[in-house]
Amino acid sequence: MTRITVAKGDGIGPEIMDATLAIIQAAGAKIEIDEIEVGEKVYLAGNTSGIAKESWDIIRRNKIFLKAPITTPQGGGYKSLNVTTRKFLGLYANIRPCISLHPFVQTKHPIMDVVIVRENEEDLYAGIEHQQTDEVVQCLKLISRPGCEKIVRYAFEYAKQYGRKKVTCFTKDNIMKQTDGLFHQVFDEIAKEYPEIENEHWIIDIGAAKMADTPEAFDVIVMPNLYGDVLSDVAAQIAGSVGLAGSANIGEQCAMFEAIHGSAPRRAGQNMANPSGLLQGAIMMLNHIGQTEVAEKVQNAWLKTIEDGIHTYDIYKEATSKQKVGTREFAEAVIANLGKKPSQLKPVTYAKSTTLNLKKYSRKAPAKKELVGVDLFVQWNENSADRLAELLKPVQLSDVSLSMITNRGIKVWPEGFEETFCTDHWRCRFKPSNERLLTKEEIIQLLQRATANQIDVIKTENLYHFDGKPAFSLGQGQ
Ligand code: NAD
């Protein structure tokens, strides 16, 4: 028996949760349920996180959370409960299988069967943003080695446990050599531990185009947070419908399972909504807690029901459907099919155990880290880089001098192009003139001199070599 936390959510949430629970319980799921309230009512009662403290206690105690969609009220500083839950509970992996159900659900991609594994905690979603000058704002893209190792290992372990043949990595490391570069590098390292699984890397732009055009070329795809957010919706949509997909958010201790769609308030309370998305989430949950036989039974009964043409309004089509049903009737049809298998769609067989063998991250010995220079970022409201270089002359130390100025990454001094468009945000790179290292005291001196010379420094970044290798970007055109 596994004790789980359930939240019925808002809008169509309660109906699809009741349907989902009825199906999995009829299939013999060994679960005990603690129900909590999250979402609109909690938000409107004045709790901007949408969840009460006592509910966190229950979620943390049970560790397994099945959540129906909730309505986030517009405006008013309400925080997204999904984002908070993922971050608080360390749910680093977002798993979204996207399978087409041709010819029973319309799709342009009849043989698509892709699982998107999205990193869920870092990247641009760390939410660290600052306005730095009148004209420029910044969002920090943070990619960590543990973050990469955990998600890439998850993707390969998932592929292994679910009998998948290939893991593909999507990044843009031709441009972001440090951040996406690390993700790609870790992918290559971990892929070596799984020689039986094919691996490949695509640059995200052409990879995304290929996925939208020929999804059958892919199996499991792992990617950083932002790309995964966008492409997992694309994948679900081209498989047939976002209304049919579920997703799992997995952490080292806790996990949350849900449908990918929202609370569809206009359809609420009418016994119309399709419970399939949440049911898919629940099937992932059953696999996660080791009840794989029940998961298999439910999935095959669900496939059979879809194949029988028993469809809710959202996927109902005269030509392919047989009967338009409501939420409850759909659930009853799935329950009646428990123990049966689809004949045209491929039935699933899950391994006895789908527990993933996830090695804990272990920190490596620190590299040799050498400070070789510093970038002073400056707000300056004129346009001539040559003039800025003149103004920076008195900031230089006896043997620490200005080596480069860039504007939005492109080198504008020395020898810039007058055609280059410049904003008020300048990166001014200072390095010791002979190959020696820089000291932190010298950075302070540079800052003091800048202040004394009315240079408006808005931030600094240290330039390091790690184990002798430069670990910062050059100026574009440098
Ligand atoms: P939505 O996904 O709720 O609905 C969009 C449309 O899709 C609906 O009008 C409906 O026609 C259809 N639809 C969605 N799910 C369906 C189902 N199971 N069966 C049949 N039809 C279905 O998106 P929205 O209208 O943009 O958002 C509504 C609310 O949901 C918002 O408050 C939003 O913040 C919230 N939301 C919550 C989650 C979540 O809790 N995970 C995710 C997305 C959106």
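Looking at the environment of asparagine 120
- Within the secondary structure layout, asparagine 120 lies in the loop between β5 (113–119) and β6 (129–131).
- Residue class for asparagine 120 comes out buried when judged on its relative accessible area of 4%.
- Distance from asparagine 120 to isoleucine 250, taken between C-alpha atoms, is 9.1 Å for residues 130 residues apart in sequence.
- For asparagine 120, the side chain forms a polar contact with the main-chain oxygen of leucine 91, separated by 3.1 Å.

Focus on helix α9 (residues 276–288)
- The terminal C-alpha atoms of α9, which comprises 13 residues, lie 18 Å apart, in line with the 18 Å expected from a rise of 1.5 Å per residue.
- Most of α9 sits inside the fold, with twelve of its 13 residues counted as buried.
- All of the buried residues along α9 are Ser276, Gly277, Leu278, Leu279, Gln280, Gly281, Ala282, Ile283, Met284, Met285, Leu286 and Asn287.
- Once α9 finishes, glycine 290 follows within two positions and takes phi at roughly 85 degrees, a positive value.

Re the packing of aromatic side chains
- Counting across every chain of the model gives eleven aromatic pairs.
- Geometrically, the ring pair formed by tryptophan 56 and phenylalanine 88 is edge-to-face, given 5.4 Å between the ring centres and 90 degrees between the ring planes. Placement of the pair is tryptophan 56 in helix α3 (residues 53–62) and phenylalanine 88 in helix α4 (residues 81–88), with a sequence separation of 32 residues.
- Judged by its relative accessible area of 61%, phenylalanine 88 is exposed.
- Geometrically, the ring pair formed by phenylalanine 156 and phenylalanine 187 is tilted, given 5.4 Å between the ring centres and 35 degrees between the ring planes. Placement of the pair is phenylalanine 156 in helix α5 (residues 145–161) and phenylalanine 187 in helix α6 (residues 179–191), with a sequence separation of 31 residues.

Brief notes about the sheet that holds strand β18 (residues 425–432)
- A sheet is described by the order of its strands in space; here six strands give the open sequence β17-β16-β18-β15-β19-β20, paired in antiparallel fashion. Strands at the two margins of the open sheet, each flanked by one partner only, are β17 (410–413) and β20 (469–470).
- Seen against the sheet, helix α12 (residues 385–392) touches β16 (400–407), β17 and β18 and runs at an angle of roughly 150 degrees to β16.

Let's talk about the sheet that holds strand β2 (residues 31–36)
- Taken in spatial order, the ten strands of this open sheet run β2-β1-β3-β12-β11-β4-β5-β10-β8-β9, and their pairing is mixed. If you trace the sheet from one side to the other, it starts and ends with β2 and β9 (198–203), each paired once. Sheet twist, expressed as the mean angle between neighbouring strand axes with direction ignored, is 20 degrees.
- Strand direction decides the pairing type here: strand β11 (residues 246–250) and strand β12 (residues 255–259), joined by five bridges, are antiparallel. If you follow isoleucine 250 over to β12, its bridge partner there is alanine 255.
- Where α6 meets the sheet, it contacts β8 (166–171), β9 and β10 (220–223), and its direction lies at approximately 165 degrees from that of β8.

Structural notes on the domain arrangement of the protein
- Per the domain assignment, the segments making up the protein are domain 1 (1–82 + 250–350), domain 2 (108–239) and domain 3 (369–470).
- When each unit is reduced to the centre of its C-alpha atoms, the spacing between domain 1 and domain 2 is 26 Å.
- The partner domain 2 presents five residues to the five residues of domain 1 that form the contact.
- For the pair domain 1 and domain 2, the two sides together bury roughly 360 Å², of which 65% comes from carbon and sulfur.
- Area buried by domain 1 at its contact with domain 2 is led by Ile250, Glu252 and Ile260, which between them contribute 67% of it.
- For glutamate 252, the salt bridge identified is with lysine 150, shortest N-O distance 3.7 Å.
- At the junction of domain 1 with domain 2, the criterion picks out zero residue pairs in polar contact (both at pLDDT 80 or more).

Some remarks on helix α11 (residues 327–336)
- Buried residues of α11: Thr327, Phe330, Ala331, Ala333 and Val334, and no others. Within α11, the buried residues cover an arc of 160 degrees as seen down the axis, which keeps them to one side. For α11, exposure combined with an orientation more than 90 degrees from the buried face picks out Arg328, Glu332 and Ala336.

Basis of the calculations
Residues numbered from 1 in each chain as written. Predicted model: local features only at pLDDT ≥ 70, side-chain atom pairs only at ≥ 80, totals over all residues. Heavy atoms only, no water. Helix = DSSP H or I, 4+ residues; strand = E, 2+ residues; numbered from the N terminus. Buried < 20%, exposed > 50% of the residue type's maximum accessible area, 1.4 Å probe, protein only. Polar contact = N/O pair within 3.5 Å; in protein donor to acceptor, adjacent residues only side chain to side chain. Expected span 1.5 Å × (residues − 1). Phe/Tyr/Trp six-rings, centres within 6.5 Å; stacked < 30°, edge-to-face > 60°. Pairing = 2+ DSSP bridges. Contact = heavy atoms within 4.5 Å. Axes fitted to C-alpha atoms, helices over the stretch in contact; angles between N-to-C directions. Domains from an automatic or database assignment. Buried area = accessible area lost by both parts, 1.4 Å probe. Salt bridge = Lys/Arg side-chain N within 4 Å of Asp/Glu carboxyl O. Arc of directions from axis to C-beta.

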